[in-house]
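# Observations on the model geometry
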Amino acid sequence: MALLPILTAPDPRLKKKAKPVATIDDGVRKLMADMLETMYAAPGVGLAAPQVGVSQRVIVLDVAREGEPLAPMKLANPEIVWASEDDASYEEGCLSVPEHYAEVVRPRAVKVRYLDETGAPREIEAEGLLATCLQHEIDHLDGILFLDHLSALKRNMILRKLLKEKKAAERGDDKDAKDDKHEDSPQHTL
Ligand code: K1U
Ligand code: ZN
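Quick notes on the rules
Residues numbered from 1 in each chain as written. Chains lettered and ligands numbered in written order. Predicted model: local features only at pLDDT ≥ 70, side-chain atom pairs only at ≥ 80, totals over all residues. Heavy atoms only, no water. Near = heavy atom within 4 Å. Polar contact = N/O pair within 3.5 Å; in protein donor to acceptor, adjacent residues only side chain to side chain. Areas by Shrake-Rupley, 256 points an atom, 1.4 Å probe, with all protein chains shown as cover. 1 Å grid on protein atoms, 1.4 Å probe; cavity = no way out; pocket = protein on both sides within 12 Å on 5 of 7 lines; lining within 4 Å. Sits in = over half its atoms within 2 Å of the grid points. Helix = DSSP H or I, 4+ residues; strand = E, 2+ residues; numbered from the N terminus. Buried < 20%, exposed > 50% of the residue type's maximum accessible area, 1.4 Å probe, protein only. Contact = heavy atoms within 4.5 Å. Donors = N, O, S within 2.8 Å, 3.2 Å for Na, K, Ca; no water. Points joined across faces, edges and corners; volume = space filled by probe spheres on them. Nonpolar A, V, L, I, M, F, W, Y, C, P; charged D, E, K, R; others polar. Salt bridge = Lys/Arg side-chain N within 4 Å of Asp/Glu carboxyl O. Pairing = 2+ DSSP bridges. Axes fitted to C-alpha atoms, helices over the stretch in contact; angles between N-to-C directions.

## Some details on the site of ligand 1
Taken together, 13 residues lie near ligand 1, and Val45, Gly46, Gln51, Leu95 and Glu137 sit nearest. At 2.7 Å from an oxygen atom of ligand 1 is found a main-chain nitrogen or oxygen belonging to Val45. The contact in question runs from an oxygen atom of ligand 1 to an N or O atom on the backbone of Leu95, over 2.7 Å. Relative to its free-state accessible area of 530 Å², ligand 1 is covered by the protein chains to the extent of 77%. Put simply, ligand 1 lies in the largest pocket.

See the structure below:
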């Protein structure tokens, strides 16, 4: 298994729609295993293939609580086939948007159809954190970040900070000396 580098926003590869997996072969199974290892190491509760630079419709999740046995899930070509009419709000994070969190409103429960790691079709009905996480990861497959569910003002503020941090990291600046002195400068779309 291998740890994969996780892309951070803004990055054009995170905005692309991923391609369906044609066949679940050993290459896809290795990708799923590497993604799970990367997700546990991050640590996170989900990961989508585009976050590791692979434009394929593959996601992994594990929403087991601390102290509970691991409950890894590997999904190819996941689709939401039903969503509840009522919504729930959850404070979301994203491994591609490090250190930023925001309340996102989504359907409270969903039913998702997918292929498992043997290629067998399956369905799962979920609510709570699993429903939120499934929707967040499926969004990644369509080039959508949780930031896209926020106001343009909040989204652009976070993206500007991330871009600034990326540029500072490229220059080798000290991460703690990254004060955003131009917080009120005009907005631009990234
Ligand atoms: O897709 C991702 O970037 C992973 C993301 C999934 C997610 C979390 C919360 C709500 C919706 C989707 C994360 O895992 S962020 C990190 C995180 O939530 C976490 C980290 C350590 C322990 C527990 C949770
Ligand atoms: Zn994410």
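Having put the structure on the table, let's press on.
## Quick word on the side chain of Arg57
With respect to the element layout, Arg57 can be found in the loop between β1 (46-48) and β2 (58-61). Among the residues examined, Arg57 registers a relative accessible area of 11% and is labelled buried. Here the side chain of Arg57 touches Asp142 through a polar contact of 3.0 Å, side chain to side chain. Not counting chain neighbours up to four residues away, the residues in contact with Arg57 comprise Lys17, Ala18, Lys19, Pro20, Val21, Leu75, Ala76, Asn77, Pro78, Leu141 and Asp142.

## Side note on the coordination of the zinc ion (ligand 2)
Taken together, the protein donors to the zinc ion (ligand 2) comprise Cys94 (SG), His136 (NE2) and His140 (NE2), at separations of 2.1 to 2.3 Å. One chain supplies every donor for the zinc ion (ligand 2), spaced along it as C-x41-H-x3-H. Of this pair, Cys94 sits in the loop between β4 (87-92) and β5 (102-107) while His140 is found in helix α2 (residues 128-141), placing the two residues 46 residues apart along the sequence. You can call Cys94 buried: its relative accessible area is 9%.

## Overview of the layout of surface pockets
Each pocket or cavity is described by its volume, and for the largest pocket that value is around 370 Å³. Lining the largest pocket we find 22 residues, and of these Gly44, Val45, Gly93, Cys94 and Leu95 sit closest to its centre. Looking at the lining of the largest pocket, the elements that each hand over two or more residues are β4 and α2. The biggest single contributor to the lining of the largest pocket is α2, with six residues. When its residues are assigned to classes, the lining of the largest pocket shows 10 nonpolar, eight polar and four charged.

## Quick notes on the pattern of salt bridges
Summed over all chains, the structure comprises 15 salt bridges. The partner of Lys15 in a salt bridge is Asp148, with the nearest N and O atoms 2.9 Å apart. Residue Lys15 is found in the segment before α1 (26-41), and its partner Asp148 is found in the loop between α2 and α3 (152-171); the two are separated by 133 residues along the sequence. Judged by its relative accessible area of 43%, Lys15 falls in the partly exposed class.

## Section: the sheet that holds β2
Working definition: the strands of a sheet are paired by backbone hydrogen bonds and lie parallel or antiparallel to each other. Read from one edge of the open sheet, five strands run β1-β2-β3-β6-β7, paired in antiparallel fashion. This sheet does not close on itself; its edge strands, each paired only once, are β1 and β7 (121-127). In this sheet, adjacent strand axes meet at a mean angle of 40° when their direction is disregarded. Pairing geometry for β2 and strand β3 (residues 73-83), over four bridges, is antiparallel. Opposite Ile59, over in β3, you have Leu75 as the bridge partner. Those strands touched by α1 are β1, β2 and β3, and its axis lies near 40° from that of β2.

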